[in-house]
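Next come the chains, spelled out residue by residue.
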Amino acid sequence: MSAVRKGPSLSLKTREAITGWLFVSPILTGFLIFFVGPLIAVFYYSTTEWNLLSQQSRFVGMANYVDALTRNETFWDVLVNSLVFAAGLVPLNMAMALGLALALSKSRPGAVFFRTVFFAPVITSAVAWAIIWTFLLQHESGAVNQGLSIFGIDGPNWLHEPDWAMVSVIFTRVLKTVGLNMILYIAALQSIPRDYEEAARLEGANGWEIFRRITWPLLAPTTLVIMVITVVGSLKVFDHIYLMTGGGPQNGTMVLAFYIYEQGFKFFNTGYAAALAVVLFALILMLTIVQMLLKASRK
Amino acid sequence: MSDFVIKRLIYSAAISASLGFAANTAIAEELRFTVWTGSEAHLQMLGEIADSFTATHPDVTVRFDTIPFGDYVQKITLQMAGGNPPDLGWLLENSAPAFVEAGALADVAETLKSTDGYDYADFSQPAMGLWETSDATYGIPFSTSPFLIYFNKSLYDAADLETPDQRVKDGTWTWEQLRADAKDLRDASSGIWGFETFDGQGYGSRVWHTLVPIIRAYGGSAWEGDSCKLDSSLAAQAVQLFHDMVYADGSTVPPGEQGDFFSGNAALTMTQISRVSKLSEATFEWGLAPLPFGPAGDASTVGQAAVVAFAQGKHKELAAEFLAHMTNKENVAKMAAFFPPARKSVLEANSFLTSNAAVAPEQMTFVAQGIENGSVLPSHQRFPQIEAEARPNFDALWSKDADVPATLKKLCSSISPLL
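Let us look at the structure shown here. Here the structure is a predicted model, which means the values were calculated and not measured. (Residues numbered from 1 in each chain as written. Chains lettered and ligands numbered in written order. Predicted model: local features only at pLDDT ≥ 70, side-chain atom pairs only at ≥ 80, totals over all residues. Heavy atoms only, no water.)

1. Details of the overall build of chain A
Rule in force here: Here a helix means four or more residues in a row that DSSP labels H or I, a strand means two or more in a row labelled E, and each is numbered from the N terminus. Radius of gyration here is computed from C-alpha atoms only, and the compact-globule reference equals 2.2 Å multiplied by the residue count raised to the power 0.38. Exposure classes here rest on a 1.4 Å probe applied to the protein chains alone. A residue is buried below 20% of its type maximum, exposed above 50%, and partly exposed in between. Any two residues whose heavy atoms approach within 4.5 Å are treated as being in contact.
Within chain A one finds 13 helices and two strands. The C-alpha atoms of chain A give 25 Å as radius of gyration, which overshoots the globular expectation for 299 residues (19 Å, by more than 25%). C-alpha atoms of chain A, sized along the principal axes, occupy 95 × 70 × 45 Å. In chain A, which comprises 299 residues, the proportion classed as buried is 39%. Long-range contacts, defined here as pairs at least 24 residues apart, represent 67% of the contacts in chain A between residues at least 6 apart.

Structure, rendered in structure tokens:
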């Protein structure tokens, strides 16, 4: 009978840790390769003058940042455009999402149908959505202006007039994305115990008071999540601009993500584009931290 | 069967499979060729050229990848940067200086000059200007295509107007006349526009294509050397004419509207001979005319595109061989049906005039004359940057109350540092 050789025994904690790491290793590997790696690479590339076409690169330190922040006037216009886009989209999106959620969260006739209607654009192809709206917003033959003409209103050339192009892309983007926030609000509303509302009604509270004193405070965690993802999404917007206006007219809808694309892939200034991407990253990070700090201070 | 025999069998099978795989990969080579056309007629013709290459190179196949025109340069650049460069591709004249300067194109001079019967000297020297230096060749123009006016003859006949080709004979085919025709043929109630800009992209990616021919006809130019000329009074007059067509007359498809000539929704348009393929199922009669004269006379404008082999391509030698095959006399004559050639022997042959069954020899004469008299669209090493600087200023032109001369002055001041 041969002797059974026993290896050094591992503690339960170690074995559980190894098992845990093994379970997360596939996603962790992907995360490191496809997310952390490129993120670090962008920081490195931002310190180089790298021409995508010639594939030549040299280290320039902080020169790209200095150029963007102190010499490039277009950069500041583009940054303002990005902030205007976010400032227009976020409140409108959140207000509409909340309004729709309040109207459609309870079991009413047609509620499921309308939830589907408002959520459908979220799962619609962004390309199809943008192209359809480009047709709808045509100056003379577009359905929007033809509808307005019934009421004697001469609609503008929505996507080709500087004053209206930004309004148009914000509004169509809100319609595309509001459904997701509506669903998040509906889920949050449905998780609020009915007892609170019933108790408040017994105390004589009206609908507005119930909303202001009970519903809105209990929605606060969801509101924070929605605000963060909507702000981040609005600052990163690219496809909508690319397809509907190409950053025009007169650079009126040229937002940061689109400007980065142009610098990197049209003018081949990849190092400079990487520096702009880092600025966008810093901006989003800063706004997210501010939102979280504001929320924490209210507690 | 013993373990030893089983193992030997497994090893043999594995080695045979590996060798077979290696042999297959060595045999089957695919050249990837990027183009911006999606036309079935064009792709069929290109496929026939590829098939004739495969006949002499049985182990080689050629795959044509269509990339939309507006994204073309960005996408191939990105593919090169991503380590997946095409082997060959089409390239427009305005991209040539930047690509040559960046070393992105392979020098194919040696292959072309050593290919039997190629006759390199047959290519028109002015046409080769952008693509060769004293000792290197970076591309062969496959299309030296003059801009033409397409007109809807059915609409002209219905309106009882003299057609542009008749006016060419009369010597009355001018830009002012085109403006008058477009105004007369505009029929808002039927959704018919008078004039559609170049491929309907005249306010975006084709704005230079749309304005430069008019500016040249008025005696102006976009830039000369490092000097911007768009702020000249001649350029302003030309752009004002186009602006008036859009806003004063309302005859031209404006920004934000669709009006496709090839679907019968516009009476006139300006584009190139290759677009004839879009008229194969036209439900109306159509005709061709050269660009109208302006105060400065005939100012034919030529758009040029070349076949290039990319320096980073994985099959550089094979790519150069295919480039030589594609641009030999026989294949250039075949392509001449859609893409007017830079080979003198093909251009001057009578067969060129009958190379496209859909185009009458008389109409093909306009093409030949346009090549002979025309000058290529402006190009520059920093064209993408120039385009980006110019874009917001061009955008500012497209409103009813735009001050055309002031806007062009501003445009010049923004692009001058880049010239």
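2. Describing the overall build of chain B
Which entries qualify depends on this criterion: Exposure was quantified through the Shrake-Rupley algorithm and a 1.4 Å probe, taking into account, for residues, occlusion by the shown protein chains and nothing else.
Helices and strands together make up the secondary structure of chain B, namely 18 helices and 12 strands. Each of the 419 residues in chain B was classed as buried or not, and the buried ones make up 55%. Look at the contacts in chain B between residues 6 or more apart in sequence, and 75% of them connect residues 24 or more apart. Of the accessible surface of chain B, which amounts to about 17300 Å², a share of 51% is contributed by carbon and sulfur atoms.

3. Thoughts on the pattern of salt bridges
All names here are of chain B. The condition that has to hold: What makes a salt bridge here is a side-chain nitrogen of Lys or Arg within 4 Å of a carboxyl oxygen of Asp or Glu, nothing more.
Applying the stated criterion across every chain, the model contains 20 salt bridges over all chains. In this structure, Arg167 engages Glu162 in a salt bridge whose closest nitrogen and oxygen atoms are separated by 3.8 Å. Judged by relative accessible area, Glu162 falls into the partly exposed class, the value being 27%. Among the charged side chains, a network of salt bridges with common partners joins Glu30, Arg32, Arg63 and Asp65.

4. Points about the interface of chain A and chain B
Where we set the bar: Buried area: the accessible area, evaluated with a 1.4 Å probe, that two parts lose upon being put together, summed over both parts.
Each partner contributes residues to the interface: chain A has 25 residues there, and chain B has 26 residues. Carbon and sulfur atoms make up 55% of the surface buried where chain A meets chain B, a total of about 2100 Å² over both sides. Contact with chain B buries area across many residues of chain A, yet Leu53(A), Gln250(A) and Phe267(A) alone supply 27% of it, more than any other trio. Two residues, Glu140(A) and Arg186(B), come together in a salt bridge whose shortest N-O distance is 3.7 Å.

5. Brief notes about the packing of aromatic side chains
Any aromatic ring pair is given by two values, namely how distant the centres are and how the planes are angled relative to each other. Heads up, the rule is: In summary, the pairing rule links any two rings of Phe, Tyr or Trp, Trp by its six-membered ring, whose centres are within 6.5 Å, and it sorts them by plane angle into stacked for under 30 degrees, edge-to-face for over 60 and tilted for everything else. Definition used: whenever NZ (Lys) or CZ (Arg) falls within 6 Å of the ring centre and also within 35 degrees of the ring normal, the charge is taken to sit over that ring.
Taken as a whole, this structure holds 42 aromatic pairs over all chains when the rule is applied. Taken together, a centroid distance of 4.7 Å and an interplanar angle of 35° make the contact between Tyr45(A) and Trp50(A) tilted. Tyr45(A) sits in the partly exposed class, given a relative accessible area of 32%. Ring centres of Tyr203(B) and Trp398(B) lie 4.9 Å apart, and the angle between their planes is 80°; this geometry places the pair in the edge-to-face category. Taken together, the positions of Tyr203(B) in the loop between β6 (193–196) and α10 (207–217) and Trp398(B) in the loop between α17 (383–397) and α18 (404–415) put the pair 195 residues apart, joining distant regions of the chain. What makes Tyr203(B) buried here is its relative accessible area of 14%. For Trp398(B), a relative accessible area of 8% puts it in the buried group. Aromatic rings pair up to connect Trp36(B), Phe69(B), Tyr72(B), Trp90(B), Phe142(B), Phe338(B) and Phe339(B) into one cluster. Against the face of Trp193(B) rests Arg186(B), its NZ or CZ located 3.6 Å from the ring centre. For Arg343(B), the ring lying beneath its charged end belongs to Tyr118(B), and the centroid distance is 4.8 Å.

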